[in-house]
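Structural overview
Each chain, letter by letter, is given below.
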Amino acid sequence: MSATPKIRIDLNSSIPAYRQIVDALRVLFVEGRILPGDSLPSVRRIALDLGVHFNTVGEAYRQLALEGWIDLQQGKSAVVRDRGVPPPAPVEQVKQFRSRLRAFVAEARSSGIASARIAEELKSLAQELLP
Amino acid sequence: MTALWITFAVNCIFVTALMLLMPYISRPNVFFGVHVAPGFRRTPEARLILRQYRLGVLAITAVLFVAFALFPQKSWPAALPILLVVQLVSSATFFVRANRQARAYFAPQSGLREADLRGDDGLPAFLWFAVVPYLILGAVAFYLHQHWDAIPARFPVHWDANWNPNGWSAKSFRGVYGPVFFGSGLITLILGLGIVTFFGSRRSNTRRSVLAIILATSFFLALVFSTVGLLPLHRPHIWITFALALVFAAVLIFWSIRKVAEPDSETEITPDSFWYAAGSIYCNPGDPAIFVQKRIGYGYTLNFGNRWSWVFMIGFIVAIIALVTLVARTTH
């Protein structure tokens, strides 16, 4: 692990805490700030630092294990897997992402962010997150 | 009787000074245990709350001094501890009142939480110095062993307020080595407390500082129990221990005020609604932390909403009682 990456969540957000943890960790994996072979802190430690229930972090780790990002073994710390380049997503999944993005873009537009700015931000993010 | 007066005055003034300092031993955004907006302390509302609190504490002190003087001298030894308890309770009541007043100016906290993804960290290396207090007490035990023949059959171990001995110990294994063992046990307990605090709280620089305070306390305890341990052979003036304790407490308080006043002093985000009783008792069943940073003073306090806090607290109390019971039988 280079530097010391951090995850940040907002307990006042309408997004569930476990979802925020999954999203924050996934960004770090994709950005390469946490590398395959790195260990993640224990569920207990992350829960304690974030002030959330152990089950919340446990659920987030299980979700990431399902996505193939980490290996979970009883009594051992979670280890980041070498996931390789994922196969192209099926059409159905692309549709799902499109639907989520659509809702997100609509939210940004209704908050007063210009379409051009949204497009620029999305393009820049996609480039930043290139493996 | 002059000694009793001095004891009362010193203790009473010390408690008063401590209570007057209490509102200042908090981070800048915490006022009487309530999270407030930055700069609130300088507002007329805050000043009014503070003034009323100060007046209350000073009035109680004045009343107690008059009450002590009015008591017949014969009853002074009994009146002294009672009046000090009355002072503590009534000053705390004023603090609770100020906390209730401050709640009207509560500022909502951010829900942002951050977690470092470096692995679980270990204890700091400076904790190895914890061996030194044990070595000091071990040296005292060795000294006593070497001078066993010079120890009288009966020696004083306790004095009344007028410095007349009122408790003796016999020349027995427990009588002679009891204080050294008690000191070692107490040091082990407080170091254990420090280690549990380190692993049972959120990661922050405060954890290291608190562990350093606990280490310093173990050195202080080693000095106190070395002095007590040497009583069978030497009579160090009791004022030395008393002065040492006062200086140690004063340094700790001064250091705490400086630490919490630091501009980059970290404030742990804990919801206001879970701080009961004057912002000093935290009870949040949804928070997995056993220890959370205090809002008044520097250091940690238990999260009474966590069942492990209760297990830990009861275990600690049982261990203290066991230690005291073990040594109490040594005095005759």
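Since the model is a prediction, treat every value here as computed from it, not as a measurement.

**Section: the nonpolar core**
Membership of the largest hydrophobic core comes to 41 residues, with the highest contact counts inside it found for Ile21(A) and Val57(A). A total of 7 residues in this core trace back to one element, the largest contributor, which is helix H1 (residues 17-31) of chain A. Setting aside chain neighbours within four positions, we find Ile21(A) in contact with Ile7(A), Ile9(A), Val57(A) and Ala60(A). Membership of the second largest hydrophobic core comes to 24 residues, among which are Ile25(B), Val34(B), Val36(B) and Tyr53(B).

**Concerning the pairing of strand E1 (residues 6-10) of chain A**
Residue alternation in E1(A) divides its side chains into a buried set, Ile7(A) and Ile9(A), and an unburied set, Lys6(A), Arg8(A) and Asp10(A). Where E1(A) meets strand E3 (residues 112-116) of chain B, 5 bridges bridge the pair, whose relative direction is antiparallel. By the bridge assignment, Asp10(A) is partnered in E3(B) with Leu112(B).

**Topic: the interface of chain A and chain B**
Facing the 24 residues of chain A at the interface are 16 residues of chain B. Of all the secondary-structure elements, those providing two or more residues to the side of chain A that touches chain B are E1 and helix H2 (43-50) of chain A. In terms of residues, the side of chain A that touches chain B owes the most to one element, H2(A), which gives 6 residues.

**A look at the confidence of the model for chain B**
Overall, the predicted model of chain B reaches an average pLDDT of 87, with 96% of residues at or above 70. Reported confidences for the modelled complex are a pTM of 0.80 and an ipTM of 0.76.

**Digging into the domain arrangement of chain A**
By a widely used convention, the size of an interface equals the accessible area lost when the partners come together. Per the domain assignment, the segments making up chain A are domain 1 (17-80) and domain 2 (91-128). Distance between the C-alpha centres of domain 1 of chain A and domain 2 of chain A: 26 Å.

**What about the packing of H1(A) against helix H3 (residues 54-66) of chain A?**
When two helices pack together, their arrangement is given by the angle between their axes and by how far apart the axes lie. Residue and element names in this part refer to chain A. Two numbers describe how H1 lies on H3: the axes approach to 8 Å, and their chain directions differ by 45°. Overall, the two elements H1 and H3 adopt an arrangement that is oblique. Here H1 runs over H3; the crossing is right-handed. Contacts from Ala17, Tyr18, Ile21, Val22 and Leu25 of H1 reach H3 at Thr56, Val57, Glu59, Ala60, Gln63 and Leu64. Along the lines of polarity and charge, the residues of the contact of H1 with H3 split into 8 nonpolar, 2 polar and 1 charged.

**Some words on unusual backbone geometry**
With glycine set apart, most residues show a phi of negative sign, and most peptide bonds adopt trans. All names here are of chain B. Of note, Phe32 is a non-glycine position whose phi angle comes to about 50°, a positive value. Mapping Phe32 onto the fold places it in the loop between strand E1 (30-31) and strand E2 (34-35). A count of 27 C-beta atoms within 10 Å places Phe32 in the buried class.

**Comments concerning the domain arrangement of chain B**
Residue and element names in this part refer to chain B. Domain assignment breaks chain B into domain 1 (2-105) and domain 2 (125-328). With centres defined by C-alpha atoms, the gap from domain 1 to domain 2 works out at 25 Å. Taken together, the contacts link 19 residues of domain 1 with 19 residues of domain 2. Counting only elements with at least two residues in the side of domain 1 that touches domain 2, the list comes to helix H1 (2-21), E2 and helix H3 (76-102). Looking at side-chain class alone, the side of domain 1 that touches domain 2 contains 12 nonpolar, 6 polar and 1 charged residues.

Conventions used here
The numbers attached to residues start from 1 for each chain and follow its sequence in the written order. Here the convention is simple: chains get letters from A, ligands get numbers from 1, in the order in which they are written. The predicted origin of the model limits local features to residues at a pLDDT of at least 70 and limits the giving and counting of side-chain atom pairs to 80 or more, whereas totals for whole chains, interfaces and linings rest on all residues. By our criterion, buried Ala, Val, Leu, Ile, Met, Phe, Trp, Tyr and Cys residues that link up through C-beta atoms within 7 Å make up a nonpolar core. Residue burial is a threshold on neighbouring C-beta atoms within 10 Å of the residue's own C-beta, all placed from the backbone, with 20 or more meaning buried, 12 or fewer meaning exposed, and counts in between meaning partly exposed. Helical segments are the DSSP runs of H or I of at least four residues, strand segments are the runs of E of at least two, and each set is numbered from the N terminus. Each residue gets a C-beta atom placed from its backbone, and two residues are in contact if those atoms lie within 7 Å. Any two strands with at least two DSSP bridges between them are considered paired. Values of pLDDT, the confidence the predictor places in each residue, fall between 0 and 100. Domain limits in this description derive from either an automatic procedure or a database domain assignment. Here the axes come from fitting lines to C-alpha atoms, over the contacting stretch only for helices, and the angles between their N-to-C directions go from 0 to 180 degrees. Geometric relationships in this document are graded by angle, where less than 35 degrees denotes roughly parallel, more than 145 denotes roughly antiparallel, 65 to 115 denotes roughly perpendicular, and other angles denote oblique. Take the far helix as the reference: if the near one is turned anticlockwise from it by less than a right angle, the crossing is left-handed, and if turned clockwise, right-handed. Residues are grouped as follows: Ala, Val, Leu, Ile, Met, Phe, Trp, Tyr, Cys and Pro are nonpolar; Asp, Glu, Lys and Arg are charged; all remaining types, including Gly, are polar.

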